[in-house]
Every structure is written in C-alpha cells, then in structure tokens.
Amino acid sequence: MFKRAWNSSRHSAWWGAAAIAVIVAALLHPALGTGKGLVPADGVFFLLPWRALPHQRISNFLLGDQYLNFIPLRHFIYENIQMGRFPLWNPYISCGVPNIASLQTASLYPIHLALSWINPFDSGVWVAFLKLFIAGFSTFLYMRLLKVGTAGALLSGITFALCGFMLMWLGHPHVSCICLLPVLLYFIEFGLTDGRAWAGYAVAYGCMILGGHPPSIIHVTIVVSAYFLFRLSDERGVKDDRRKKHSLAAFLGATAVGAAIAGPQLAPFLEYYGHSSVALSAASLKRWAANLSPNALAQFFLPHISGTPSAFGNLEGVFGFTSTENFNERNGFVGIVPLLLACVAVFHRRERWIRFYAAAIGCCFWVIYGLPPMPQVLGAIPILNSMNHIRLMFFLCFSLAVLAGAGLDALEGLGASQRRNLAVGAGVTALLVLFWTREFFRPIFPELTLAEKSFVLQQLPMFGGGVLAAILAVVIGKMTMRPYVKALCLAWTAFELLWFGIGSNPAIDRSLYYPATPAIEKLRQDPSLFRIIGMDWILAPDTGIVFGLQDVRGQDFTTVRRFEELMTGKAGDF
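Residues numbered from 1 in each chain as written. Predicted model: local features only at pLDDT ≥ 70, side-chain atom pairs only at ≥ 80, totals over all residues. Heavy atoms only, no water.

**Student:** Mind showing me how you'd approach the overall build of the protein chain here?
**Tutor:** Check the secondary structure of the protein chain and you find 25 helices and two strands. Computed over its C-alpha atoms, the radius of gyration of the protein chain comes to 24 Å, within 12% of the 25 Å expected for a compact globule of 574 residues. Along the longest, intermediate and shortest principal axes, the C-alpha atoms of the protein chain span 80 × 70 × 50 Å. In the protein chain, the share of contacts with a sequence separation of at least 24, taken over all contacts with a separation of at least 6, comes to 76%. Charged side chains in the protein chain number 43 positive and 31 negative. The centres of these two groups are separated by 10 Å. (Helix = DSSP H or I, 4+ residues; strand = E, 2+ residues; numbered from the N terminus. Rg over C-alpha atoms; globule rule 2.2 N^0.38 Å. Contact = heavy atoms within 4.5 Å. Lys, Arg positive; Asp, Glu negative; His and termini not counted. Charge placed at Lys NZ, Arg CZ, Asp CG, Glu CD.)

Below is the structure:
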C-alpha cells in the first residue's frame, strides 16, 4: 500500500512504525495482557437494574453511546458470528431493524469484520490499537512523502494519533473514519505523480465510508476534496491542463469506486435514511448552531483545567460550558511543544502546503467557535445544516500535527534572532495563559474544596514543563545539539500526550461487563415470545441485546419515522 514511501526510506519506516506501536501500546497498557477490557461498560451502573449492584465509581460517564449502543450492537454481531452466520437483520431493538443499513454499527468495517469473532470485551483494545496505529503511521508516511525528516514525521504521527480528538472519540465510529484521513491524503499526494496510487485511494475511501459515521464521512470527503483541488492548482504540481484533467478524472473515479466498495452497507443505509426521522431530529436540535465558547480555548494549553469525566467534572460549571460543550467535544489538545513548532512552520517555512494547513486551522477555528456569519451560512446549506461542526476539531488537530512536524524540521534553519523571538513569544504566551488562569479562578478559588484546588494547581507544572521544553527546543542552536533537540521534542510530546490520554478510555474487569441481575435472569428464563419496554431508562435501549431480550424501544442513528409516530405520536425526538 505504501510502496513508494517504504522503498525510499525503509529504515526510517521500520523505526517509525515501531516507535508509534510502542507509544500506542503504552497508552493502552491497562488493557493489554491484563485480563481487562477496553470497554466503558461499567457505565451501565448509572442505570437500573444495575445501579442496585455493588460497584465503584463510573470510569467515564461521557462514553454513554459506547456502552448503550455501539458495544451491544458489536456483541450482537459477535454472537451471530459464533453461530456461523452474518446478521442482516437485528430483531432486538425497535421491533426489528436492518443491521447492515444501520451505518453506525459499521459491521463491514475491515477492522471490526476481522475481529468480529472475538467478544467485544476482549477485542476492544485491539480495535483501538489498530485505529491509532493506522492514524499515526500513515501520518508518518504522508509527512515523509512531503519530504519532512524522520523526526518531524514521527512527531506528526505521534501528535495526531494521541491528540485530544482521537482519544476522546476512540470508541466511536468518528475515529473509524478519521484514522484513514492521512491514508487518503497520502494516496492523493502519491497519485498526482503515479496513477497507480488511485486504486489505493479508492480502497481507503471505501473503508472510510464503512467506518460508519455519516457526518465524519462528509467532513473527511470535504477535506480530501479541498486538498486535492489545492494540490491540483499547485504551480509546482501538475502543470499542464491535460494532466490536470486526467488527475481530476482519476480522483472522481476513485471516489466513485470507493463508494461502490462501500455499497453493500451504503445503499441500504440510504434507503433506510429516507424512511427515518433523522433530518427532523437534527432540525429540532439545531446541530448546525453548535459551537464552542471562548473559555474552551484554555484546553489547548491546560487540557484538564475544567476537570475530566472521571475526576472533578463539576468544575465544568465554573466555566459555564453548555451541554454541547462536554469534555469530549471541546478537547483538541495536541501538546505544548507541537503548538510552538506549528508556529515555527507557519512563519519560517515557505512551502505552499504549509499555507494550506495554516488556512485550514483558521477555517476550523472559525467554524468550531461559531464566529459570524459561519453558523448562519452552515444553517442554510442542505446536509451541512444537519451536522455538528464542532467535530471539525479532528482536522484542526491533524493540521497542527502536520505543521508541528514541519516546524521541527525548520528549527535547524533558524537564526539567532528568530530563536530569540520565538522563545520570547512562547514565554509571553505562557504568562498570558497563567494570568488568565489566575484571574479566572481568583473569585471562585476560595469556594473550591481542598481536593479541587489541588487538582487545578496540579495542571500548572505539566504546562510549565511543556513551555520549558518548547523554549529549550528553539533556543538551542548548536549543530552538535540538534539531535538532542529533536529527541527532547519527541520525548516530551509523547510523555505529555500519554499523561493526558491514559485513563480516558477505561479498562474494566470482566465482572463489570453487563452483569446479569436477578430481574434480567428472570426475563431470560421466560420461554414465551415477548418484547420488553423499560420506563425511565430502566434496562436502557440496546443493552437488552447482550441478554437476548427483544425491546420495543431502540437507540439507533436512524429511526423509522412511522414507527416513532406510532409509539409517541410525533417524530424527531424518539
């Protein structure tokens, strides 16, 4: 798949793959070979009937979609595979739904399909490992194709694989799609000089669709299309009109072939979607209007300053975040050193692709933070007005990762005055962040508990360490020290992102994986044909799948409008 990058720099590719694999394994070590599962299924202890069972603190309450929907659906496929059949129909929710057409099930996604014979409790960590490894290593290869050095490419790979978006949405279908973004960009870059690469692009695009998250599919398609058109217009890229037309035809053809590859899942989904109430639901929720408030910018520097889902989540109220600004949505942390190195690339490198990613960062901020008139524009565009565009955080993170790798390369060419200016700029920015933190917390700090005060203050040494590492990286200019500078940037970035990410996706004991209660056992032992319904989230929709219980309700991305109207008398809020 990556023949050109592999042949041109086989030694660095081996080291890059090994380094990224080791770092991803370090992140996921709580569930690797420990007998624990990387599934947040202990979240069901929030609900009846499990709430009555003895349990500890819930690991991450924000991962509800995983333990209420995605994991039960994967468990359903696993049990059918064990019986020697692949399920086209799911009888357990909403009085029956088409399994393949339910896109978020992603049952044909290659990683899921390859591991579908393993219980989700055991396969969860390997699914996560493969997604993060693909994201990191393909970013590494993409950067090498852009002629970025090995250290810079590795920094980009580590930063993207372990950035806030990838880790917060790791168990969701978002990441299934987005981990293939650098693969698609690699083949676009490769395809402009070698037409054979478009076959790889078509396969990768089809796999991306099979990832199962329609908004992410649309966002990734927009991003890769914009990148292709940019590269096509590059004066140092394809010059003559004939070759441009050939490349455009190849891109469109490969995209169409990719959609055809995903056709067995995409076609029934489109028919299913036509009978659903998804558009009504999106309109009532005004998804296009979702954006982040300025206070969320603090998490690019101090990612835990407002608490985490597993510790001191009540600090969110201090910042006044809305329900659409939860920890997962607003977190685009990439590390302190990559932020400075991205600035180095923007101001001290002249390649056109640098300007593309710099412009992408500006556009992403414009959309994510809802600066006028962007919300109104998005609200007027069909399809885009049914999506939450805060999720463009993935491309913001990727762009920062790309620029960080380029910036690490550019450090070697900086003069003494440029190094001094960067160091001063980093120091001033750090002081402004600390001043903002002090002024923000000063009125409320006395009201915080001792534990909350300690938690807030513990964020500052890590921030200070990142700033110090960044300043050292730009200040040291001696030729003999440059390998140590690159090692410092790589080591600190990996350490900081691991510090940030470990624990975001909890590893639980097998006893916490949907335990059967006496009430559930009694239902399972009833031999008659029946369906269940629970009031007030008792035995929440989809969780009954794990126990073979058929539910009148169902939590699915698509809900048949006529069935919803039959059950509730209206559509758009099932």
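**Student:** How should the packing of aromatic side chains be read in this particular structure?
**Tutor:** Any aromatic ring pair is given by two values, namely how distant the centres are and how the planes are angled relative to each other. Counted by the stated rule, this structure contains 41 aromatic pairs. Their ring planes at 75° and their centres at 5.4 Å tell us that Tyr227 and Phe356 sit as a pair that is edge-to-face. A residue pair is termed long-range when its members are at least 10 positions apart, and Tyr227 in helix 11 (residues 214-232) and Phe356 in helix 18 (residues 352-368) qualify at 129 residues. The pair Tyr227 / Phe356 is uniform in exposure class, with both members buried. Ring geometry for Tyr357 versus Phe398: centroids 6.0 Å apart, planes at 65°, classification edge-to-face. With Tyr357 in helix 18 and Phe398 in helix 20 (residues 393-410), the pair connects residues that are 41 residues apart, well separated along the chain. Overall, the relative accessible area of 0% leaves Tyr357 in the buried class. Taking relative accessible area as the criterion, Phe398 reaches 0% and is therefore assigned buried. (Phe/Tyr/Trp six-rings, centres within 6.5 Å; stacked < 30°, edge-to-face > 60°. Buried < 20%, exposed > 50% of the residue type's maximum accessible area, 1.4 Å probe, protein only.)

**Student:** What is the right way to look at unusual backbone geometry in this model?
**Tutor:** Most peptide bonds take the trans form, and the phi angle of most residues other than glycine is negative. The step from Leu48 to Pro49 runs through a cis peptide bond, and the omega angle for that step is 5°. Along the chain, the position of Pro49 falls in the loop between helix 2 (10-27) and helix 3 (64-82). A cis amide bond links Pro372 to the next residue, Pro373, at an omega of 0°. Looking at the element boundaries, Pro373 is found in the loop between helix 18 and helix 19 (374-379). The residue Lys147 is not glycine, and still its phi comes out positive at about 70°. By the secondary structure assignment, Lys147 is in the loop between helix 5 (120-145) and helix 6 (150-161). Among the residues examined, Lys147 registers a relative accessible area of 71% and is labelled exposed. Unusually for a residue other than glycine, Leu539 sits at a positive phi of about 45°.

**Student:** Is there a simple way to explain the nonpolar core in this structure?
**Tutor:** General note: in soluble globular proteins, nonpolar side chains tend to be found buried as a group. One finds Tyr142, Tyr201, Trp353, Tyr357 and Phe395 to be the most contacted residues of the largest nonpolar core, which totals 159 residues. The element best represented in this core is helix 20, accounting for 14 residues. The next biggest cluster of nonpolar side chains, apart from the first, holds 21 residues, and it includes Leu47, Leu68, Leu539 and Leu549. (Core = buried A, V, L, I, M, F, W, Y, C linked by side-chain atoms within 4.5 Å.)

**Student:** How should the pattern of salt bridges be read in this particular structure?
**Tutor:** Should their charged atoms come close, side chains of opposite charge can pair. Inspection of every chain in the model, using the stated rule, returns ten salt bridges. As a salt-bridge pair, Arg524 and Glu521 come within 3.5 Å of each other at their nearest N and O atoms. Of this pair, Arg524 and Glu521 both sit in helix 24 (residues 518-524), three residues apart, roughly one helical turn. The exposure class of Arg524 is partly exposed, given its relative accessible area of 41%. Three or more residues joined by partner-sharing salt bridges are found here, namely Arg438, Glu439 and Arg442. (Salt bridge = Lys/Arg side-chain N within 4 Å of Asp/Glu carboxyl O.)

**Student:** Please explain the side chain of Ser123 as it appears in this structure.
**Tutor:** Inspection of the secondary structure puts Ser123 in helix 5. Look at Ser123 and you get buried, because its relative accessible area is 1%. Sequence-distant contacts of Ser123, defined by excluding residues within four places in its chain, comprise Arg74, Leu115 and Ile118.

**Student:** Mind showing me how you'd approach the packing of helix 17 (residues 336-348) against helix 20 here?
**Tutor:** What describes two packed helices is the angle between their axes and the distance between those same axes. Put simply, helix 17 and helix 20 touch, their axes get as near as 7 Å, and they point 70° apart. Comparing the axis directions of helix 17 and helix 20 gives the class roughly perpendicular. On helix 20, the residues touching Pro338, Leu339, Leu341, Ala342, Val344, Ala345 and Val346 of helix 17 are Leu400, Leu403, Ala404, Ala406, Gly407, Leu408 and Ala410. Within the contact of helix 17 with helix 20, the residues separate by chemical class into 13 nonpolar, one polar and no charged. (Axes fitted to C-alpha atoms, helices over the stretch in contact; angles between N-to-C directions. Parallel < 35°, antiparallel > 145°, perpendicular 65-115°, else oblique. Nonpolar A, V, L, I, M, F, W, Y, C, P; charged D, E, K, R; others polar.)

**Student:** How do you make sense of the side chain of His112 when you look at a structure like this?
**Tutor:** Position of His112 relative to the elements: it lies in helix 4 (residues 110-114). A relative accessible area of 14% means that His112 is categorised as buried. At 3.1 Å, the side chain of His112 and the backbone oxygen of Ala106 are in polar contact. Leave out the neighbours within four places in its chain, and His112 touches Thr105, Ala106, Val127, Lys131 and Ser176. (Polar contact = N/O pair within 3.5 Å; in protein donor to acceptor, adjacent residues only side chain to side chain.)

**Student:** Looking at this model, I keep getting lost on the packing of helix 9 (residues 181-191) against helix 20. Mind explaining?
**Tutor:** Across the interface, helix 9 lies against helix 20 with an axial gap of 12 Å and an inter-helix angle of 60°. As summarised for this structure, helix 9 and helix 20 are arranged oblique, according to the angle between their axes. Between helix 9 and helix 20 lies a crossing of right-handed hand. Residues Leu181, Pro182 and Leu185 of helix 9 touch helix 20, and the partners they reach there are Phe394, Phe395 and Phe398. (Left-handed = near helix turned anticlockwise from the far one by under 90°.)

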